[in-house]
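So the chains spell out like this:
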Amino acid sequence: MAKSSADDEELRRACEAAIEGTKQKIVMSIRVAKSRGIWGKSGKLGRHMAKPRVLALSTKAKGQRTKAFLRVLKYSNGGVLEPAKLYKLKHLTKMEVIANDPSGCTFTLGFDNLRSQSVAPPQWTMRNVDDRNRLLLCILNICKDMLGRLPKLVGIDFVEMALWEKENTPSVSTQRNLQDGPVAETVTESALKVTVEKELVSQAEEEDMEALLGTYVMGIGEAEAFSERLKRELLALEAANVHAILESEPLIDEVLQGLEAATNCVDDMDQWLGIFNVKLRHMREDIESIETRNNKLEMQSVNNKSLIEELDKLLERLYVPSEYAASLTGGSFDEARMLQNIEACEWLTGALRNLEVPPLDPSYSKMRAVKEKRAELEKLKKTFVRRASEFLRNYFASLVDFMISDKTYFSQRGQLKRPDHADLRYKCRTYARLLQHLKSLDKNCLGPLRKAYCGSLNLLLRREAREFANELRASTKASRNPTVWLEGSTGSGQNVNAADTSTVSEAYAKMLTIFIPLLVDESSFFAHFMCFEVPALVPPGGLVNGNKTGYDNEDAIDDDLGILDIDDNDSKTGKSSAELAALNGSLQDLLDGIQEDFYAVVDWAYKIDPLRCISMHGITERYLSGQKADAAGFVRLLLGDLETRISTQFGRFVEEACIQIERNERNVRQIGVLSYIPRFATLATRMEQYIQGQSRDLVDQAYTKFVSIMFVTLEKISQTDPKYADIFLLENYAAFQNSLYDLANVVPTLAKFYHQASEAYEQACTRHISMIIYYQFERLFQFAQKIEDLMYTITPEEIPFQMGLSKMDLRKMLKSSLSGVDKSISAMYKKLQKNLTSEELLPSLWDKCKKEFLDKYESFAQLVAKIYPTETIPSVSEMRDLLASM
């Protein structure tokens, strides 16, 4: 008999190598043939498609539990085993031996976790029945020991399996091919790793089975004879049972009679029950009808109760208390009665809100009573709004009229009085809540009220500003400064020591200090009082222009509401933008006209001293920068208009001064330093003294215009007499530099023009000195110029042979030019001195002249040495010594 593959150690080692790294232990490995049957055609086994496979049973210890697996391994192209499939034995539910295989070696294994149950499971074919039994017994033992259950067996005789196990347990002979030849060796089943220590039946069950089989005479080994005998004994037993039943016929008849009597009683009872059932059904229907009517009545009672409660609530909403009706239709608006009026407003607002949908149920809104009551409340609202609006308009006008009629309230001769609106705001605040309720009742009523308030208060503010400005100008003592600074016809001896006019700037600053915080506060109070929905920008106790506002009173906390321009609040909603637009329109009405008094102060200050526009511009700019984040929109507009007005007036002064400068152009021939040069230095010094804050740009623009006109006029005047143009220019540019040297060190704009004048001065000096040198030594430098021109076209050796440039010509020229050179130099000095009016410039000009002459003579000497190497001329050092001695 061939050796079983279950005993093949090499096969076991190959399987262990294939699953190396999985920490699983091989229990049994055996070769099989894999094929597939067809569902519904089990007679065709498909043996022609069999494939060689190896089935391996393996276990893996995990903690206190042990897992069991059935592995399918296949042969690769190189004949090496590799894992193909893995089944967990805990999912094994059935082991079936194929009945159509006569050999009994083909079986299938059923698992409950296969993905597709519609595909026929693979069929495994063993070499013989012994191999099949060994594999199946090993699987059963593992399931019983490790899983505690057995799979279902189909087509396998359990007793036959037990008998085979008992016969094959003692020993199994295996053959090993050793080096010395085959040796027979007897080993137990445990040595082959086939686990059969625990039988399929217990010892007690086996003894009972042996005792049972021992009662039979025939041997237990003859299975077929034993089966036939069992069949015969079963038939005999069934026959005995039938005989016993036939012998008990009388008893059966009695039982049948009793059953018939019982059946009759049951039929009678069924009839009675049917009758009772009909009666009970009718009674149940009557009871249900009564209950339905009772439920309807109960529901109707509950609904009526709820309806009464809802109607009571609705009546409460519709009820108008008599005291509120009296206050709304005819009550007084005196301060003592304001609490009752406010309560009536609150009640009216709540009543109107309660009749809206929601909170009112939509079904109520169409009721006639609700519509009538809503109409009544609307009539009350209109009546109250009309009465309150009329009262407030008259109240605002009477308050302002009372204040205007009291002359002691305003500034008077010899006494400047700061406006004080504390009492006015206190009286207005009494009606602040009333205005809020009027807004909630009718938003449209606020428009006329705001116009009335703005119109009344505008009269008061304009009167205060006018009286204050008039007294401010009357009480300020300042002598008038000249407005003509750069006029050429006034002579150079004009008195430019202007009087001190600082009181003018102080008066303007006082005007802003008093009224700008007042206007900001009025704007903020107006926005708060007239219920504008705008953000509060100035925190309580905020600063205006870096200083505490001029009004430290109880209104500071309530009224510090700064108002943004619409452009500064683009991120707000459309509603806020509309509110801001309405507010700025109202502020225009509130403060319009007050700017005229500020303009009057500016014009007055300009007439006294135009240069004070510089300091007033700085003061205005400081206030404007301080108001950008916390002022009302109109206040910023006012400050911007003031700044524009000041800039316009100062621009007018600058234009007039420029016209004065241009008048010099139309005068008779000018010599020496023009008068506006030193006067401009005095003017610039004075302007620098007046600069405050951000007025530097204004002054720099004036400097630019002044100096540009001065330089243009200077060039035009110089062109009237070209002969003396350079002397005229260098004297005036030098005077400009000398007069502005100190200022140019600290003022960047003047430093730029200083450097421009310096360059123009150097150019004029160079032209004038060159003219004087060429006048005295024309032949000498013309000869040098000819040589230089020819050197571009011919070699230096050929130049002495050119016409007019021979050595003889050179000697003649030197004789005529350098004989009596000291007299020529003296004449050059006298000519330089002759037309110069500024004697202080002569030393520096003479030094420049000598340096220029030496540079030109040195170039001439180098040319002579290169072209005429044999000729001798006075050396440069001799000429330098000659110039130094003069």
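Everything numeric here is computed off the predicted structure, so don't read it as measured data. Each chain carries its own residue numbering, running from 1 in the direction its sequence is written. Restriction of local features to residues with pLDDT of at least 70 applies here, the model being predicted, together with a cutoff of 80 or more for giving and counting side-chain atom pairs; totals for whole chains, interfaces and linings are based on all residues. Side-chain numbers come from the whole structure's heavy atoms, not from hydrogens or water.

**A word on the overall build of the chain**
Defined as follows: Only runs of H or I of at least four residues qualify as helices and only runs of E of at least two qualify as strands under DSSP, and these elements are numbered from the N terminus. Accessible area is worked out with a 1.4 Å probe on protein chains only. A residue is then buried under 20% of its type maximum, exposed over 50%, and partly exposed in between. In what follows, residue pairs with any heavy atoms lying within 4.5 Å of each other are defined as contacts. Every accessible area reported is derived by Shrake-Rupley at a probe size of 1.4 Å, with residue values counting cover from the shown protein chains alone.
From N to C terminus, the chain includes 29 helices and 12 strands. Considering the chain as a whole, with its 886 residues, one finds that 42% of them fall into the buried category. In the chain, the share of contacts with a sequence separation of at least 24, taken over all contacts with a separation of at least 6, comes to 71%. By element, 53% of the accessible surface of the chain is carried by carbon and sulfur atoms, the whole surface being about 49,300 Å².

**Notes on the pairing of strand β4 (residues 81-88)**
We apply this condition: Strand pairing follows a simple DSSP-based rule, namely that at least 2 bridges must link the two strands.
One ladder, built from seven bridges, connects strand β3 (residues 65-75) with β4; its direction is antiparallel. Directly across from K74, in β4, lies its bridge partner E82. As consecutive antiparallel partners, β3 and β4 are separated by five residues, and within that stretch G79 has a phi angle of approximately 80 degrees, a positive value.

**Some points on the pattern of salt bridges**
Defined as follows: Criterion for a salt bridge: a side-chain nitrogen of Lys or Arg within 4 Å of a carboxyl oxygen of Asp or Glu.
For the coordinates displayed, the defined rule picks out 22 salt bridges. Between D603 and R645 there is a salt bridge whose closest N-O contact spans 2.7 Å. A residue pair is termed long-range when its members are at least 10 positions apart, and D603 in helix α17 (residues 595-608) and R645 in helix α19 (residues 633-663) qualify at 42 residues. Residue classification places R645 among the partly exposed positions, given a relative accessible area of 30%. Residues K851 and D855 are paired through a salt bridge, measuring 3.4 Å at the closest nitrogen-oxygen approach.

**Details of the nonpolar core**
The cut-off we apply is this: For our purposes a nonpolar core is just a set of buried Ala, Val, Leu, Ile, Met, Phe, Trp, Tyr and Cys residues, chained together by side-chain atoms within 4.5 Å.
Counting residues in each nonpolar core, the largest one holds 174 residues, and the members touching the most others are L434 and F706. Broken down by element, the residue count for this core peaks at 16 residues, all from helix α14 (residues 502-529). Judged by nonpolar contacts, the second largest core, of 32 residues, contains A68, V72, L136 and C138.

**A short note on unusual backbone geometry**
With a phi close to 60 degrees, K23 is a non-glycine residue in the positive phi region. In this structure, K23 sits in the loop between α1 (9-18) and β1 (25-36). In this model, C531 sits at a positive phi of 60 degrees, which is unusual for a non-glycine residue. Here C531 is to be found in the loop between α14 and β11 (543-544).

**A few points about the packing of aromatic side chains**
Rules: Each Phe, Tyr or Trp ring, with Trp reduced to its six-membered ring, pairs with another whose centre is within 6.5 Å; inter-plane angles below 30 degrees give stacked pairs, above 60 give edge-to-face pairs, and intermediate values give tilted ones. Counted as over-ring charges are cases with an Arg CZ or a Lys NZ within 6 Å of the ring centre that also lie within 35 degrees of the ring normal.
Within the structure shown, the criterion is met by 29 aromatic pairs. Ring centres 6.4 Å apart and planes at 35 degrees place the aromatic pair F783 and Y868 in the tilted group. Placement of F783 in helix α25 (residues 778-790) and of Y868 in the loop between α28 (842-867) and α29 (876-885) is noted, with a sequence separation of 85 residues between them. You can call Y868 buried: its relative accessible area is 0%. Directly above the ring of F532 sits R450, whose terminal nitrogen or CZ lies 3.6 Å from the centroid.

**Things to note about a negative patch on the surface**
Put simply, the test is: A residue counts toward a patch only above 30% relative accessible area and without a salt bridge, and it is joined to like-charged neighbours within 9 Å or, for Val, Leu, Ile, Met, Phe, Trp and Tyr, to nonpolar neighbours within 5 Å. Under this rule, positive means Lys or Arg and negative means Asp or Glu; His and the chain ends count for nothing. The atoms used to mark charge sites are NZ of Lys, CZ of Arg, CG of Asp and CD of Glu.
Taken together, the side chains of E309, E310, D312, E316 and D361 make up a negatively charged region of the molecular surface. Mapped onto the fold, D361 is located in the loop between α8 (338-354) and α9 (362-365).

**Concerning the sheet that holds strand β5 (residues 92-97)**
Put simply, the test is: The axes are straight lines fitted to the C-alpha atoms, using for helices just the contacting stretch, and the angles between their N-to-C directions are given from 0 to 180°.
Taken together, eight strands build an open sheet; the order of strands is β4-β3-β2-β1-β7-β6-β5-β8 and the sheet is mixed. Unpaired on one side and paired on the other, β4 and β8 (152-154) mark the two borders of the sheet. The average angle at which neighbouring strand axes cross in this sheet is 35 degrees, direction not considered. One ladder, built from four bridges, connects β1 with strand β7 (residues 122-125); its direction is antiparallel. Paired with K34 across the strands is W124, a residue of β7.

**Describing the confidence of the model for the chain**
Definition in use: The predictor rates its confidence in each residue with pLDDT, a number between 0 and 100.
With 83% of its residues at a pLDDT of 70 or more, the chain has an overall mean of 79. In this model, residues 488-496 is a region of pLDDT below 50 whose contacts with residues beyond four sequence positions or in other chains number 12 contacts. This stretch, residues 537-572, has a pLDDT under 50; its non-local contacts, to residues over four places away or in other chains, come to 78 contacts.

**Some points on helix α27 (residues 821-834)**
The test is simple: One fewer than the residue count of a helix, multiplied by 1.5 Å, yields its expected span.
Look at α27: 20 Å from first C-alpha to last across 14 residues, which is about the 20 Å you get at 1.5 Å a residue. Buried residues along α27 sit against α24 (748-776), α26 (807-818), α28 and α29.

**Examining the packing of α25 against α28**
Working note: a packed helix pair is described by the angle between its axes plus the distance between those axes. To be explicit about the condition: By definition in this entry, angles of less than 35 degrees are roughly parallel, angles greater than 145 are roughly antiparallel, angles of 65 to 115 are roughly perpendicular, and the rest are oblique. A crossing counts as left-handed when the near helix is turned anticlockwise from the far one by less than a right angle, and as right-handed when that turn is clockwise. Gly is put with the polar residues, along with every residue not named as nonpolar or charged; the nonpolar set is Ala, Val, Leu, Ile, Met, Phe, Trp, Tyr, Cys and Pro, and the charged set is Asp, Glu, Lys and Arg.
Axis separation between α25 and α28 bottoms out at 10 Å; the angle between their running directions is 50 degrees. The orientation of α25 relative to α28 falls into the category oblique. Between α25 and α28 lies a crossing whose hand is left-handed. In this structure, α25 contributes L780, F781, F783, A784, I787 and E788 to the contact, and α28 contributes F853, K856, Y857, F860, L863 and I867. Tallied by class, the residues present in the contact of α25 with α28 amount to 10 nonpolar, no polar and two charged.

**A word on the environment of N732**
Checked against the element boundaries, N732 lands in helix α22 (residues 725-739). Under the relative-accessibility criterion, N732 is labelled buried at 0%. Separated by 25 residues in the primary sequence, N732 and A757 place their C-alpha atoms 9.1 Å from one another. For N732, the residues in contact, after removing those within four places along its chain, are G672, V673, L674, I677 and L714.

**Side note on the packing of helix α13 (residues 446-475) against α14**
In contact at an axis separation of 11 Å, α13 and α14 are set at 170 degrees when each is read in the N-to-C sense. Taken together, α13 and α14 sit at an angle that is classed as roughly antiparallel. In contact with R450, Y453, C454, L457, L461, E464, A465, F468, A469 and L472 of α13, α14 contributes A507, K510, M511, I514, F515, L518, L519, E522, F525, F526 and F529. Residues of the contact of α13 with α14, tallied by class, amount to 17 nonpolar, no polar and four charged.

**Brief notes about the environment of Q833**
Assignment of secondary structure puts Q833 in helix α27. Judged by relative accessible area, which is 32%, Q833 ranks as partly exposed. C-alpha of Q833 to C-alpha of W846: the two residues are 13 residues apart in sequence and 8.8 Å apart in space. Apart from residues no more than four positions distant in its own chain, Q833 is found in contact with E839 and L842.

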